[in-house]
Protein chains: 2
Amino acid sequence: MSSRLLEQLIDAFRVLPGVGQKSAQRMAYHVLERERSGGQRLSDALAEAIEKIGHCARCRDFSETEVCATCASGSRDAHLLCAVESPADRLAIEQATGYRGLYFILQGRLSPLDGIGPRELGLDTLATRLAEGEVQELIIATNPTVEGEATAHYLAQLARQHQVRPSRLAHGVPLGGELEYVDRGTLSHAFGSRSEVPQ
Amino acid sequence: MSSRLLEQLIDAFRVLPGVGQKSAQRMAYHVLERERSGGQRLSDALAEAIEKIGHCARCRDFSETEVCATCASGSRDAHLLCAVESPADRLAIEQATGYRGLYFILQGRLSPLDGIGPRELGLDTLATRLAEGEVQELIIATNPTVEGEATAHYLAQLARQHQVRPSRLAHGVPLGGELEYVDRGTLSHAFGSRSEVPQ
Ligand SMILES: [Zn+2]
Ligand SMILES: [Zn+2]
């Protein structure tokens, strides 16, 4: 490689998901050949996002303010709380359904082998939230995977402990699939026909 | 979207080749969730590369110095000059073959409809170089596409005008393919059995 900085840039691109040596090279060349201003915008956006984006104190979603715009909004139905694994899942539900309640983002799923327990998912914060008494239904929208189901089971118990009705998205989300990749129609249907979790 | 900065970051990722809305989202979430230090490294590497990487005055390859390390090296055979379309092609040849001569990077191919003529490919610089008398063989390694072949034809004429022997990579590179994606073995073989361009 003729340039140390170029080598360093190619290497840095590999931090992105799904980007191997070949794609990283193509990205570096593309930016340097044709997109220097776009590349500079990306550099600035990355630095600013990393510095300023933290987590909302209420729902744990990404937010550049203490409490995110959704949680701060007076126009959402505070009786409904929807628990999802990731910000991407939250976004998928928001875009596909007419849901007007609030969210809680777990930022993961229970996975004891990886050291991810209730504390890592912020379930103490969630328990406090449920204990406040405003939430009437906890819509559990974890992914239909083994760990997602285990997490859902745990969340349903937590809800019942606080006299909150737990519900789960209807069948329609393909088993073993990731919510984020489900088409809008299916996701909207599944969301609409969610059912109460039986005892 | 709950955060303006997040939206801005997702948008900025779309400047990269092959990155659509969905991949850009995944990249932004990945960096913010799991790779903040890697993301910061990428931001810095981008800014530094964009600021400091220009083109070598001899070969037009990317370089952070006036003349790149390859051109400045005393250990390369200055009788051989290999013309390629892009830095990626140069890298592919360097990695696949035992070539120890020098390079000239066209940064494109003749394409009159897109306004890319001899001047845009730095062929005046190349002519000066050939006129110096040190180069004995010009290895033409443009891609085997219509425009690449037209460029090769032009380069061969230019070489002959300066009493330099033009050669072309041997058959083996698949027709219509891009050099950058040819496997090492094929490329190495094709490079080794290059033939002189007939009158
Ligand atoms: Zn929030
Ligand atoms: Zn050079």
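Residues numbered from 1 in each chain as written. Chains lettered and ligands numbered in written order. Predicted model: local features only at pLDDT ≥ 70, side-chain atom pairs only at ≥ 80, totals over all residues. Heavy atoms only, no water.

Draft legend 1. Region of interest: the pattern of salt bridges. Under the definition given, this model contains 16 salt bridges over all chains. In this structure, the salt-bridge partner of Arg-58 of chain A is Glu-132 of chain A, at a minimum N-O distance of 3.5 Å. Of this pair, Arg-58 of chain A sits in the loop between strand E1 (54-55) and strand E2 (62-63) while Glu-132 of chain A sits in the loop between helix H6 (123-131) and strand E5 (137-140), and the two are 74 residues apart along the sequence. Assessed through its relative accessible area of 47%, Glu-132 of chain A is described here as partly exposed. Here Glu-94 of chain B ties to Arg-76 of chain B by a salt bridge, and the two come within 2.8 Å at their closest N and O atoms. Of this pair, Glu-94 of chain B sits in helix H5 (residues 87-96) while Arg-76 of chain B sits in the loop between helix H4 (69-72) and strand E3 (77-84), and the two are 18 residues apart along the sequence. Assessed through its relative accessible area of 11%, Arg-76 of chain B is described here as buried. (Salt bridge = Lys/Arg side-chain N within 4 Å of Asp/Glu carboxyl O. Helix = DSSP H or I, 4+ residues; strand = E, 2+ residues; numbered from the N terminus. Buried < 20%, exposed > 50% of the residue type's maximum accessible area, 1.4 Å probe, protein only.)

Draft legend 2. A look at the relation of the copies chain A and chain B. For the pair chain A and chain B, the relating rotation is 179°, the translation along its axis is 0.0 Å, and the fit reaches an RMSD of 0.1 Å. Both chain copies can therefore be described as sitting about a two-fold axis. The position closest to the rotation axis in chain A is occupied by the C-alpha of Ser-43 of chain A, lying 2.1 Å away. Here 100% of the contact residues of chain A are again contact residues in chain B; the copies associate through an equivalent surface. (Least-squares fit on C-alpha atoms with pLDDT ≥ 70 in both. Contact = heavy atoms within 4.5 Å.)

Draft legend 3. Seen up close, the domain arrangement of chain A. Structurally, chain A comprises domain 1 (4-52), domain 2 (62-168) and domain 3 (169-199). Distance from the C-alpha centre of domain 1 of chain A to the C-alpha centre of domain 2 of chain A: 34 Å. (Domains from an automatic or database assignment.)

Draft legend 4. Fine view of the coordination of the zinc ion (ligand 1). Residues and elements named next belong to chain A. Bound to the zinc ion (ligand 1) on the protein side are Cys-56 (SG), Cys-59 (SG), Cys-68 (SG) and Cys-71 (SG), at distances that span 2.3 Å. With four donor atoms in place around the zinc ion (ligand 1) and angles of 105 to 116° between them, the coordination shape is tetrahedral. Each donor residue of the zinc ion (ligand 1) belongs to the same chain, and together they define the spacing C-x2-C-x8-C-x2-C. Neither residue differs from the other here; Cys-68 and Cys-71 are each classed as buried. (Donors = N, O, S within 2.8 Å, 3.2 Å for Na, K, Ca; no water. Tetrahedral: all angles 85-135°; square planar, octahedral: opposite > 155°, others 65-115°.)

Draft legend 5. Region of the structure containing the coordination of the zinc ion (ligand 2). All names here are of chain B. Distances from the zinc ion (ligand 2) to its protein donors, Cys-56 (SG), Cys-59 (SG), Cys-68 (SG) and Cys-71 (SG), fall at 2.3 Å. Taken together, the four donor atoms surrounding the zinc ion (ligand 2) define angles of 105 to 116° at the centre, an arrangement classified as tetrahedral. Mapped onto the sequence, the donors of the zinc ion (ligand 2) take the spacing C-x2-C-x8-C-x2-C. Of the two residues, Cys-56 is situated in the loop between strand E1 (54-55) and strand E2 (62-63) and Cys-71 in helix H4; the sequence distance between them amounts to 15 residues.

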